[in-house]
Amino acid sequence: MEDRASQYHREMSAFIMDEIDEGVPAPSKSEPGKLARLSSMQFQELATDVYDELKRRQSPVQDMPFLHVRDHYHPKRNQARQKLATLSRAKFVDLVLDVNEELKRRFSHKLAGPQGYGAPSDAASY
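By the naming in an unreviewed UniProt entry, the chain is Component of the polarisome, taken from Coemansia helicoidea.

Right, dumping it as structure tokens:
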């Protein structure tokens, strides 16, 4: 997960900024620590699924109404992945922000890169 954390963080931060630029209200922060209670494996799966949904939503080819079922995933995880597609744009942006904040918390030592929304030094600015 550490290898992907930086990529997820960078792309999620860019997504949040793009959404705000397009007029989606700035995300509201959820209950602090909500995602912190997830185990490393649970959070890794959630971050991967949210990232996959982000990429699906950004795809210029919208031939998938939801993420594909993966045979090696538990049926409940596949169901949760499909439910991500039903989130409104604003709710999905909120979820991306929450996951991105937890990525920063768990992997701040690995997250280095360009400054932007959600970058480690901007933590107090929103």
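Caption draft 1: Layout of the overall build of the chain. Helices and strands together make up the secondary structure of the chain, namely 4 helices and 0 strands. The order of helices and strands in the chain, counted from the N terminus, is α-α-α-α. Buried residues in the chain amount to 37% of all 126 residues. Sequence separation of 24 or more characterises 72% of the internal contacts of the chain that already satisfy a separation of 6 or more. When the accessible surface of the chain is split by element, carbon and sulfur atoms take 53% of a total near 7,500 Å².

Caption draft 2: The packing of helix H1 (residues 2-21) against helix H2 (residues 40-58), seen in detail. Where H1 contacts H2, the axes come no closer than 11 Å and their chain directions differ by 45°. Classified by the interaxial angle, the pair formed by H1 and H2 is oblique. Viewed along their axes, H1 and H2 form a crossing whose handedness is left-handed. Where H1 approaches H2, its residues Arg4, Gln7, Tyr8, Glu11, Met12 and Phe15 are matched on the opposing element by Gln44, Ala47, Thr48, Val50, Tyr51, Leu54, Lys55 and Gln58. Split by residue class, the contact of H1 with H2 holds 7 nonpolar, 4 polar and 3 charged.

Caption draft 3: Highlighting the packing of aromatic side chains. Here the structure, examined in full by the defined rule, presents 2 aromatic pairs. Seen in terms of ring centroids, Phe15 and Phe92 are 5.7 Å apart; in terms of plane orientation they differ by 75°. Their pairing is edge-to-face. On the criterion of sequence distance, the pair formed by Phe15 in helix H1 and Phe92 in helix H4 (residues 89-107) is long-range, its members being 77 residues apart. We classify Phe15 as buried; its relative accessible area is 6%. Directly above the aromatic system of Tyr73 lies the positively charged group of Arg77, at a separation of 3.7 Å from the ring centroid.

Caption draft 4: Spatial organisation of the confidence of the model for the chain. Taken residue by residue, the chain gives an average pLDDT of 84. The fraction at 70 or more is 82%. Taken element by element, the chain is modelled with least confidence in H1, mean pLDDT 90, and with most confidence in helix H3 (residues 75-84), mean pLDDT 96. For residues 114-126, every residue scores under 50 in pLDDT, and the model assigns this stretch 29 contacts once sequence neighbours within four places are set aside.

Caption draft 5: View of H2. Spanning 19 residues, H2 covers 27 Å between terminal C-alpha atoms, matching the ideal 27 Å at 1.5 Å per step. As for H2, its buried residues are in contact with H1, H3 and H4.

Rules of the game
- Sequence order sets the numbering: in each chain, residues are counted from 1 along the sequence as written.
- It should be noted that, the model being predicted, local features are given only for residues of pLDDT at least 70 and side-chain atom pairs only at 80 or more, the latter also being counted only at that level, while totals for whole chains, interfaces and linings use all residues.
- To get the side-chain values, take all heavy atoms of the structure and skip hydrogens and water.
- A run of H or I in DSSP becomes a helix once it reaches four residues, and a run of E becomes a strand once it reaches two; helices and strands are each numbered from the N terminus.
- Summary of the burial criterion: residues with accessible area below 20% of their type's maximum are buried, those above 50% are exposed, and those between are partly exposed, where the area comes from a 1.4 Å probe applied to protein chains only.
- Pairs of residues are marked as contacts when any of their non-hydrogen atoms sit within 4.5 Å.
- Accessibility throughout is a Shrake-Rupley quantity obtained with a 1.4 Å probe, and a residue counts as covered only by protein chains that appear here.
- Axis lines are fitted to C-alpha atoms, over the contacting stretch for helices. Their N-to-C directions set the angle, which ranges from 0 to 180 degrees.
- For classification purposes, an angle smaller than 35 degrees is called roughly parallel, one larger than 145 roughly antiparallel, one from 65 to 115 roughly perpendicular, and anything else oblique.
- Handedness of a crossing follows from how the near helix is turned relative to the far one, being left-handed for an anticlockwise turn of less than a right angle and right-handed for a clockwise one.
- Gly is put with the polar residues, along with every residue not named as nonpolar or charged; the nonpolar set is Ala, Val, Leu, Ile, Met, Phe, Trp, Tyr, Cys and Pro, and the charged set is Asp, Glu, Lys and Arg.
- Here the aromatic set is Phe, Tyr and Trp, taking the six-membered ring for Trp, and pairing holds for ring centres within 6.5 Å; pairs whose planes are under 30 degrees apart are stacked, those over 60 apart are edge-to-face, and all others are tilted.
- Ring-over charges, as used throughout, are those where CZ of Arg or NZ of Lys falls within 6 Å of the ring centre and within 35 degrees of the ring normal.
- One confidence number per residue, pLDDT, is output by the predictor and ranges from 0 to 100.
- An expected span of 1.5 Å times one less than the residue number is assigned to each helix.

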